[in-house]
Amino acid sequence: MQIILVKEGLLRNFLTFILRGKSYQEISSNMENCNIALYYLNLPPKSEGKGLLYEIHKEDCPWLEQVEHSELIGDFLNCREAINKAQLDHPDWKIEGCFYCSKDCHNL
Ligand SMILES: [Zn+2]
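Now for a description of the structure that goes with this document. (Residues numbered from 1 in each chain as written. Predicted model: local features only at pLDDT ≥ 70, side-chain atom pairs only at ≥ 80, totals over all residues.)

1. A look at the overall build of the chain
- What the chain contains, in helices and strands, is three helices and five strands.
- From first element to last, N terminus to C terminus, the chain shows the α and β order α-α-β-β-β-β-α-β.
- Looking at the chain as a whole, 24% of its 108 residues qualify as buried.
- Once local pairs closer than 6 in sequence are excluded, the contacts in the chain between residues at least 24 apart make up 52%. (Helix = DSSP H or I, 4+ residues; strand = E, 2+ residues; numbered from the N terminus. Buried ≥ 20, exposed ≤ 12 C-beta atoms within 10 Å, placed from the backbone. Contact = placed C-beta atoms within 7 Å.)

So, in structure tokens, the structure goes:
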């Protein structure tokens, strides 16, 4: 089962790169890292300090299962790309990465 999941992930990565018009070289170098993942926006937001904080999660984050409702942002290579897209859709929201799955984008 694990092997099938890995293969499905690779296939999706491959198709995503093709759709975005990436060159073969870009595809093969990125495929090795296999970093593309679906990212979701956590809804409703947490309240933190003065305002509301929205977090993004990768598709395989265990916390995503605890989330009441989530909005799909899309396929991205890293959390920064995902946050950039989410921020375009919701310019007034404070958005950062989950501590567990998107640590690079936590506490931006
Ligand atoms: Zn997470």
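2. Considerations on the environment of His69
- Relative to the elements of secondary structure, His69 occurs in strand β4 (residues 69–76).
- Here the alpha-carbon distance between His69 and Pro45, two residues 24 residues apart in the chain, equals 9.9 Å.

3. As for helix α3 (residues 79–89)
- Burial in α3 covers these residues: Cys79, Ala82, Ile83 and Ala86. In an axial view of α3, the angular spread of the buried residues amounts to 95°, which keeps them on one side of the axis. For α3, the exposed residues lying more than 90 degrees away from the buried face are Asn84 and Leu88.
- Of the surrounding secondary structure, the elements contacted by the buried residues of α3 are β1 (37–43), β3 (51–58), β4 and β5 (94–97). (Arc of directions from axis to C-beta.)

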